[in-house]
Amino acid sequence: MLPTYPLQGLFSGFDSSNTCFALGTADGRVRTFDTVTGRLRSTLASNAAALAHKDTALLPNGHLAEAQRCLTWIDSQKQTQEDGPTRLFSSSVAVGTASGAVRLYDSATGELRWQTANCSEGGVDCLVQSSGRCSTLLGVGRSGHACVLDAATGSKQSQFRASKHGTTAAALSADGSRLLIGGSTLSLLDMDTQQRISKFTGHPLPVRAVAFAPSDAYAVSAAEGERLVAVWATASRPGSKLKSGGAAVASLAVEQPAVGLMTAGVCWWVEGKIVLNRINRVRVCGHT
């Protein structure tokens, strides 16, 4: 899954298999596409009438007038055969709204599966899911509060103050034990204690994208307008005392400022290979 920071009213993301792509636009629509054929699969706001209530206005075309700020694909585990291997399937798309609600849609039909309100005061700006804990979905926003949801039902599991500042980027470690959040600062939190265990310095501008390496021993981040991707050592023990993470262990030069980051489990420092979704690629996707 590769969510990107909103660009000119657009936000987008690929599913874990890279076979589907979701695109949100300023008119309140979220559409999914087949990346192999390029064809439209569904429009997630097509059933907007089912979501309407006294505080939500509808546009003449039936789409929600409410601004939507972010999305992420939700993986679910499924055993392909009896006693066979368990595989991940991305069949749902979670959307965060300006009102602070989170909604989960079926990506094939566009039908709403659940809706949870009051997840983040001021709006949900980032949604993340742990690759190892598919049942957990976390939303953060401008208030600095984090809301942990059950991805299957939308029920709130916990809500806590993750930062004193607004959060514009977040990532969960593979085992779901740590949360990396970025905004005007970059911090690492222990999910069990809900406390910050490390902070990193080096980005003079607000952080726009973060991601863990597959082993969780490293993480990467990119800031607004910067043509560098910073690599951080994140192997902090759960429950350890707050400490400064120090300087980045590496800085990777890129041609354009990055708006999305992901890591792949292939050889790179034995930990993984950095894969960038650069700003020009997002623009191309935005014009399809």
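By convention here, each chain's residues receive numbers from 1 onward along its written sequence. Two thresholds apply to this predicted model, a pLDDT of at least 70 for residue-level local features and 80 or more for giving and counting side-chain atom pairs, whereas whole-chain, interface and lining totals are computed over all residues. Heavy atoms from the whole structure form the basis of all side-chain values; hydrogens and water molecules are not counted.

Counting from the N terminus, the helices are the DSSP runs of H or I reaching at least four residues and the strands are the DSSP runs of E reaching at least two. In terms of helices and strands, the protein chain carries one helix and 23 strands. For the protein chain, buried positions account for 51% of its 288 residues. The contact definition used throughout considers only heavy atoms, calling two residues in contact when any of these lie within 4.5 Å. Across the protein chain, contacts joining residues at least 24 apart in sequence account for 43% of those joining residues at least 6 apart. Of the accessible surface of the protein chain, which amounts to about 13300 Å², a share of 50% is contributed by carbon and sulfur atoms. Buried, partly exposed and exposed residues are distinguished by accessible area as a fraction of the type maximum, computed with a 1.4 Å probe on protein chains only: under 20%, between the cut-offs, and over 50%, respectively. Where accessible areas are quoted, they stem from the Shrake-Rupley method and a 1.4 Å probe; at the residue level, only the protein chains shown are allowed to cover.

A few words on the nonpolar core. Put simply, a nonpolar core is a bunch of buried Ala, Val, Leu, Ile, Met, Phe, Trp, Tyr and Cys residues held in one set by side-chain atoms that sit within 4.5 Å of each other. Leu-138, Phe-160, Ala-170, Leu-179 and Met-191 are the most contacted members of the largest nonpolar core, which totals 14 residues. Of all the secondary-structure elements, those providing two or more residues to this core are strand E9 (124–129), strand E10 (136–141), strand E11 (145–150), strand E13 (167–172) and strand E14 (178–183).

Another point: unusual backbone geometry. Phi at Asn-118 takes a positive value of approximately 55°, unusual for a residue other than glycine. In this fold, Asn-118 is placed in the loop between strand E8 (112–116) and E9. For Asn-118, a relative accessible area of 59% gives the class exposed. Even without glycine at this site, Gln-194 takes up a positive phi of about 60°. One can find Gln-194 in the loop between strand E15 (186–190) and strand E16 (195–200).

Let us now look at the sheet that holds E9. The strand order across the open sheet built from four strands is E9-E10-E11-E12, with neighbouring strands paired in antiparallel fashion. Each of the sheet's edge strands pairs with one partner strand only, and the pair in question is E9 and strand E12 (156–161). Within this sheet the neighbouring strands show an average axis-to-axis angle of 20°, counted without direction. Two strands pair if DSSP finds at least two bridges between them. Judged from the five bridges that link them, E10 and E11 form a sheet pairing that is antiparallel. Between the N-to-C directions of two axes lies an angle of 0 to 180 degrees, each axis being a line fitted to C-alpha atoms and, for a helix, fitted only over the stretch in contact.

We now examine the sheet that holds strand E17 (residues 207–212). One key point about sheets: their strands pair by backbone hydrogen bonds, in either a parallel or an antiparallel sense. Read from one edge of the open sheet, four strands run E17-E18-E19-E21, paired in antiparallel fashion. Each end of this open sheet is capped by a strand with a single partner; those strands are E17 and strand E21 (250–253). The average undirected angle you get between the axes of adjacent strands in this sheet is 25°. As judged from the four bridges shared by strand E18 (residues 218–223) and strand E19 (residues 228–233), these two strands associate in the antiparallel manner. Bridge pairing in E19 places Tyr-218 opposite Ala-233.

Only one rule defines a salt bridge in this text: a Lys or Arg side-chain nitrogen within 4 Å of an Asp or Glu carboxyl oxygen. Tallied over the full model, the rule gives four salt bridges. Its salt-bridge partner being Arg-113, residue Asp-106 comes within 2.8 Å of it at the nearest N-O pair. For Asp-106, a relative accessible area of 16% translates into the label buried. Here the residues in one salt-bridge network are Arg-69, Asp-125 and Arg-142, joined through shared partners.

Pairing of aromatic side chains requires ring centres within 6.5 Å, counting the rings of Phe and Tyr and the six-membered ring of Trp. Pairs whose planes differ by under 30 degrees are stacked, by over 60 edge-to-face, and all others tilted. Scanning the entire structure with this criterion turns up two aromatic pairs. An angle of 50° between the planes, with centres 4.8 Å apart, marks the rings of Phe-14 and Phe-21 as tilted. On the numbers, 5.2 Å between centres and 45° between planes, the contact of Phe-200 with Trp-232 is tilted. A residue pair is termed long-range when its members are at least 10 positions apart, and Phe-200 in strand E16 and Trp-232 in strand E19 qualify at 32 residues. Phe-200 sits in the buried class, given a relative accessible area of 7%. Assessed through its relative accessible area of 2%, Trp-232 is described here as buried.

In this structure, Ser-42 sits in strand E4 (residues 40–43). Distance and chemistry together define a polar contact, namely a pair of N or O atoms within 3.5 Å, with one atom able to donate a hydrogen and the other to accept it when in protein, and with adjacent residues in sequence counting only for side-chain atoms on both sides. Within the local environment of Ser-42, its side chain forms a polar contact with the side chain of Thr-32, the two groups lying 2.8 Å apart. In this structure the side chain of Ser-42 is engaged in a polar contact, spanning 2.5 Å, whose partner is the backbone oxygen of Ser-107. With sequence-adjacent residues up to four places away left out, Ser-42 is seen in contact with Val-30, Arg-31, Thr-32, Ser-107, Ala-108, Thr-109 and Gly-110.

This part is about the side chain of Ser-92. Looking at where Ser-92 falls in the secondary structure, it is placed in strand E6 (residues 86–97). When neighbours within four sequence positions are excluded, Ser-92 is seen to be in contact with Thr-72, Trp-73, Ile-74, Leu-104, Tyr-105, Ser-107 and Arg-113.

Counting through the fold element by element, Gly-100 comes out in the loop between E6 and strand E7 (102–106). For Gly-100 and Arg-142, which are 42 residues apart along the polypeptide, the C-alpha to C-alpha distance reads 9.8 Å. Residues contacting Gly-100, with those up to four places away along its chain left out, are Thr-116, Ala-117, Asn-118, Cys-119, Ser-120, Gly-123 and Val-124.

A surface patch of positive charge is lined by Arg-161, Lys-164, Arg-196 and Lys-199. Along the polypeptide, Arg-196 turns up in strand E16. What makes Arg-196 partly exposed here is its relative accessible area of 34%. Patch definition: residues with relative accessible area over 30% and no salt bridge; like charges joined within 9 Å; nonpolar side chains (Val, Leu, Ile, Met, Phe, Trp, Tyr) joined within 5 Å. When charges are counted, neither His nor the chain ends are considered; positive counts come from Lys and Arg and negative counts from Asp and Glu. Lys charges are placed at NZ, Arg charges at CZ, Asp charges at CG and Glu charges at CD.

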